[in-house]
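Summary of the model geometry
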Amino acid sequence: MTDWSVTDLGGGTYLFHWRPGFYVSPFLVTREGVLAIDPIAPTAARAYREAIATITDAPVTLVIYSHEHRDHSSGAAELAPNATIIAQRRAAERFARRPDPSILPPTLLVENHASLQLGGKQVEAYYFGPNHSPSNLALLLPTAEGPLLYYCDVVEPGFAPYRNLPDTDVVGLLESLAAVSALPFRRCAGGHGVPGPAEWVPLTRQYLLDLLAATEREYRGQGGQVPLPGEDGVAMTERVRRGVCQRAAEALRSQYGHWKGFEAWAPLTADRLLSYLITGN
Ligand SMILES: [Zn+2]
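Residues numbered from 1 in each chain as written. Predicted model: local features only at pLDDT ≥ 70, side-chain atom pairs only at ≥ 80, totals over all residues. Heavy atoms only, no water.

Examining the sheet that holds strand S10 (residues 137–141)
Keep this limit in mind: Whether two strands pair depends on DSSP finding at least two bridges between them. Secondary structure elements are taken from DSSP: a helix is a run of H or I of four residues or more, a strand is a run of E of two residues or more, and numbering for both begins at the N terminus.
Read across the sheet, six strands follow the order S8-S9-S10-S11-S12-S13 without closing on themselves; strand pairing throughout is mixed. The open sheet has two edge strands with one neighbour each: strand S8 (113–118) and strand S13 (196–197). By the bridge criterion, three bridges tie strand S11 (residues 148–150) to strand S12 (residues 187–189) in an arrangement that is parallel. Note on S12: the bridge partner recorded for Leu149 is Cys188.

The following block contains the structure:
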């Protein structure tokens, strides 16, 4: 069994699936070169290069990091060592704080918006502030069905948001999902599954709002954090949070229980949202 596959979306855009179902990176093929998003990791990037070579002989001249998380941004030296590497400015700041030999630093930084042109085609990159990470770019790519939004790990059609929203700015995530809805796209994709209809952007935002409201209701309803007689602070915290998060997830099951990951992740996401209610993020 091969570790990778490629899907042709038309318009020059393809999806590279690494260990299909775990990671996906789009790439755009033009007559002047290839723009590849997210090398993923050194081993994946070697396969990515092989996959692109089955479609075109053109070199990869542009690489975009959708955001700075290592599980998407590692391995560019294996994919295209001489390419221009594009990322949001805050990604470069994060890389400088935690040097990693498997990540090539970006050579072209985006602040709020960039139109990236290559061989008569173009990719639009927008920054709507911190959300899943401080540096996520919303990328619009041409496909036969109209523009595809790639907003890696911010929206993942068919899936509940991942676990406890690691590294997430909660308010920023809600704001970004609202702001990106104004862009003209027909389908959207994250970094892991397959593309789905544009509705997954507002659906994901509504899920987070519904889970936030349910978490707040359960937390307030049981009077915040009050110890039982003889109970210490640690035991109280764990009892209260577990109960609140399980009940909040249960409240959403009839509406969202069919989303992949819901059973495992909704209580963890509720726990993250409870921290947001208590601390402000
Ligand atoms: Zn990520």
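Considering the nonpolar core
The condition that has to hold: By convention a nonpolar core is built from buried Ala, Val, Leu, Ile, Met, Phe, Trp, Tyr and Cys residues, the set being connected through side-chain atoms within 4.5 Å. Relative accessibility thresholds used throughout: buried, under 20% of the residue-type maximum; exposed, over 50%; partly exposed, between the two (1.4 Å probe, protein chains only).
Formed by 41 residues in total, the largest nonpolar core has its most connected members in Leu149, Phe185, Val201, Tyr207 and Phe262. Every element with two or more residues in this core is listed here: S10, helix H5 (170–180), helix H6 (200–221), helix H7 (233–256) and helix H8 (262–279). Membership of the second largest hydrophobic core comes to 29 residues, among which are Tyr23, Val29, Ala80 and Phe95.

Comments concerning the pairing of strand S9 (residues 121–127)
The buried fraction of S9 amounts to five of the seven residues, a majority that puts the element mostly inside the structure. Bridging between S8 and S9 involves six bridges; their strand directions are antiparallel. Note on S9: the bridge partner recorded for Ser115 is Glu124. Linking two consecutive strands that pair antiparallel, namely S8 and S9, is a turn of two residues; a positive phi of about 50 degrees is found at Gly119 within it.

Some details on the packing of aromatic side chains
Rule in force here: Only Phe, Tyr and Trp rings are paired, with Trp represented by its six-membered ring, and only when their centres lie within 6.5 Å; those with planes under 30 degrees apart are stacked, over 60 edge-to-face, the remainder tilted.
Summed over all chains, the structure comprises 13 aromatic pairs. Both rings, one in Trp200 and one in Trp259, keep their centres 4.8 Å apart while their planes meet at 55 degrees; by these two values the pair is tilted. Here the residue Trp200 occupies a position in helix H6, and Trp259 occupies one in the loop between H7 and H8, the gap between them amounting to 59 residues. Among the residues examined, Trp200 registers a relative accessible area of 15% and is labelled buried. Take Trp259: its relative accessible area is 6%, and that puts it in the buried class.

Remarks on the packing of H6 against H7
Note the following rule: Helix axes use the C-alpha atoms of the stretch in contact, all axes being lines fitted to C-alpha atoms, and the angles between their N-to-C directions lie in the range 0 to 180 degrees. For classification, angles of less than 35 degrees are called roughly parallel, those exceeding 145 degrees roughly antiparallel, those between 65 and 115 degrees roughly perpendicular, and all remaining angles oblique. Crossing chirality is assigned from the near helix's rotation relative to the far helix, an anticlockwise turn below a right angle marking it left-handed and a clockwise turn marking it right-handed. Residue contacts are counted whenever heavy atoms from the two residues lie within 4.5 Å of one another. Each residue is assigned to one class: nonpolar for Ala, Val, Leu, Ile, Met, Phe, Trp, Tyr, Cys and Pro, charged for Asp, Glu, Lys and Arg, and polar for all the others, Gly among them.
Look at H6 against H7: their axes get within 9 Å of each other, and the N-to-C directions meet at 135 degrees. One element, H6, and the other, H7, form an angle in the oblique class. Here the hand of the crossing between H6 and H7 comes out right-handed. Each of Gln206, Tyr207, Asp210, Leu211, Ala214, Thr215, Arg217, Glu218 and Tyr219 in H6 lies in contact with H7, whose residues at this interface are Val240, Val244, Arg247, Ala248, Ala249, Ala251, Leu252, Gln255 and Tyr256. Considering only residue class, the contact of H6 with H7 consists of eleven nonpolar, three polar and four charged.

Describing unusual backbone geometry
In this model, Ile40 sits at a positive phi of 80 degrees, which is unusual for a non-glycine residue. Turning to its location among the elements, Ile40 is positioned in the loop between strand S4 (33–37) and helix H1 (42–53). Backbone geometry at Leu165 places phi at a positive 50 degrees, although glycine is not the residue there. Exposure remark for Leu165: the relative accessible area of 7% places this residue in the buried category.

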